[in-house]
Amino acid sequence: MSHKLYPLTFKPILKERIWGGRNLETLYHKSLPPGQRVGESWEISDRPGDESVIANGVWRGKTLHGLMEQCPAELLGPRQLMPSRFPLLIKIIDAQEVLSLQVHPPAEMAAQLGGEPKTEMWYVARAGVKAELFAGLKKGVTRADFERELAAKNVAQCFHRIAVKEGDAMFLPSGRVHALGADTVIFEIQQNSDTTYRVFDWNRLDANRKPRELHLEQSLASIDFADFEPSLLPRDVSPAKTGTVRPLVKNELFEVNLRRWTANDELALPSGRMTIIGVVEGALQIEGAGELVDIAAGQFCLIPAQCEGIVARTEKPSSFLEIQ
């Protein structure tokens, strides 16, 4: 690959799910297969077997993994340890029914269990009147309580339930037991991992009238039993050079801010650090490095660290996630 990098868009990877629906089509104009309940759109992925394909520019048709193999430093910027695969996985999830109660293994347990750690965050883009999520345990629930209710197929009552509305966000470190409630559409930013241990699936049957597999031993080894009633992320907003900014997450894995702009706002984006822009509402135009990208709600653009002179602008009020 001799060409320089430029702002990249990708073809979504659609996933049929038992709890999915058609919101990704109606809200974000994604082309869904007829008759399928699509629960996930993997927007930026470098998983084996699920490698995002570039949709624009001279590298159209190449994969994100191909970039990681040939020019990882130009893509990601300086890092002490350069990963072999792109470090993040970005999804949009349409939950028409409640998801399974589940947990991802923390780093210290993942290797022992043969899985990968996964810390993630959810941003609620759409929420029904009774939308909720499950995160952590109710205060005072012990492991013995949890195991007893698990055996009785009533473990959901051990979970902390939180009513949510559009704009709410939750941080989910590895080890935090959780589930996404029905009638919600979220943007999910996570470590590049696909290890999920199901604790309870509401006694639900799959298309073959069989219960889905549970992973009770791995789940019990992974759950943080001291994680009680976590709060939603703050909604504190501050003025920024352009529009406003709401900090959501900042840790060693990823940093996420929500930015809101008014009509005809424009900002030069800094170089030297990979940035992903995901539009929540409205639309953005991103220009530079010989490429012009228009992205609307439900679309993402990856701006490689190598890119210089990149400008983002909008003609109408818009909000977007800035992921680094």
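Scroll up to find the structure this text is about.
Along each chain, residues carry numbers from 1 onward, in the same order as the chain's sequence is written. Selection of residues for local features in this predicted model requires a pLDDT of at least 70, selection of side-chain atom pairs for listing and counting requires 80 or more, and totals for whole chains, interfaces and linings are taken over all residues. With hydrogens and water excluded, all non-hydrogen atoms of the structure serve as input to the side-chain values.

Caption draft 1: Representation of the overall build of the protein. Only DSSP runs of H or I reaching four residues or more are called helices, and only runs of E reaching two or more are called strands; each is numbered from the N terminus. From N to C terminus, the protein includes six helices and 23 strands. For 324 residues, the compact-globule formula gives about 20 Å, and the C-alpha radius of gyration of the protein, at 20 Å, lands near that figure. In terms of overall dimensions, the protein has a C-alpha envelope of 60 × 40 × 40 Å along the principal axes. Here the protein holds 324 residues, and 54% of them are scored as buried. Using a 1.4 Å probe, accessible areas were evaluated by the Shrake-Rupley method; residue-level cover was limited to the displayed protein chains. Of the roughly 14,500 Å² of accessible surface on the protein, a fraction of 49% belongs to carbon and sulfur atoms. In the protein, which carries 38 positive and 42 negative side-chain charges, the distance between the mean positions of the two groups comes to 2 Å. Atoms counted for the radius of gyration: C-alpha only. Globule rule: 2.2 Å times the number of residues to the power 0.38. Burial classes: relative accessible area under 20% of the type maximum marks a residue as buried, over 50% as exposed, and values in between as partly exposed (1.4 Å probe, protein chains only). The positive count covers Lys and Arg only, the negative count covers Asp and Glu only, and His and the chain ends enter neither. One atom stands in for each charge, and that atom is NZ of Lys, CZ of Arg, CG of Asp or CD of Glu.

Caption draft 2: Geometry of the pairing of strand β21 (residues 300-303). Because side chains alternate across β21, one face comprises the buried residues F300 and L302, and the other comprises C301 and I303, equally buried. Looking at chain direction, strand β18 (residues 275-281) and β21 are connected through four bridges and run antiparallel. Paired with I276 across the two strands is L302, which belongs to β21. Here, any two strands with at least 2 DSSP bridges between them count as paired.

Caption draft 3: Region of interest: the pattern of salt bridges. A carboxyl oxygen of Asp or Glu within 4 Å of a side-chain nitrogen of Lys or Arg is what we treat as a salt bridge. Under the definition given, this model contains 24 salt bridges. Between R161 and E132 there is a salt bridge, with its nearest N and O atoms 2.7 Å apart. With R161 in strand β9 (residues 159-163) and E132 in strand β8 (residues 132-137), this pair connects stretches of sequence that are 29 residues apart. Of the residues examined, R161 reaches a relative accessible area of 45% and is grouped as partly exposed. Judged by relative accessible area, E132 falls into the partly exposed class, the value being 21%.

Caption draft 4: Fine view of the sheet that holds strand β20 (residues 291-296). What the four strands build is an open sheet, ordered β17-β22-β19-β20; its pairing is antiparallel. Sheet topology places β17 (266-269) and β20 at the edges, where each strand pairs with a single neighbour. Each neighbouring strand pair of the sheet contributes to a mean axis angle of 20°, computed without reference to strand direction. Looking at chain direction, β17 and strand β22 (residues 310-313) are connected through four bridges and run antiparallel. In the sheet register, L267 faces β22, and the bridge partner there is A312. Axes here refer to lines fitted to C-alpha atoms; in helices the fit is confined to the stretch in contact. Angles between the N-to-C directions go from 0 to 180 degrees.

Caption draft 5: Representation of the environment of E132. Each C-alpha atom of the pair E132 and L180 lies 7.2 Å from the other, and the pair is 48 residues apart in sequence. Discounting chain neighbours no more than four positions away, the residues touching E132 are R161, I162, A163, V164, L180, G181 and T184. Contacts are residue-level and defined by heavy atoms, with any inter-residue pair within 4.5 Å sufficient.

Caption draft 6: Geometry of the environment of D168. By the secondary structure assignment, D168 is in the loop between β9 and β10 (169-172). Look at D168 and you get buried, because its relative accessible area is 6%. Considering only alpha carbons, one finds D168 and I186, 18 residues apart in sequence, at a separation of 9.6 Å. Sequence-distant contacts of D168, that is, excluding residues within four places in its chain, are made with W122, Y123, V124, A163, L232, R235 and R246.

Caption draft 7: Layout of the side chain of T119. Its location among the elements puts T119 in the loop between α4 (107-113) and β7 (120-127). According to the relative accessible area criterion, T119 is buried, its value standing at 9%.

Caption draft 8: Structural context of the sheet that holds β10. Strand order in the open sheet formed by six strands is β1-β2-β5-β12-β7-β10, with antiparallel pairing between adjacent strands. At either margin of the open sheet sits one strand with a lone partner, and together these are β1 (13-21) and β10. Each adjacent strand pair in this sheet contributes to an overall mean axis angle of 20°, direction not counted. Bridge count between β7 and β10: four bridges; the pairing is antiparallel. Paired with W122 across the strands is M170, a residue of β10.

Any functional reading would require information that these geometric values do not contain.
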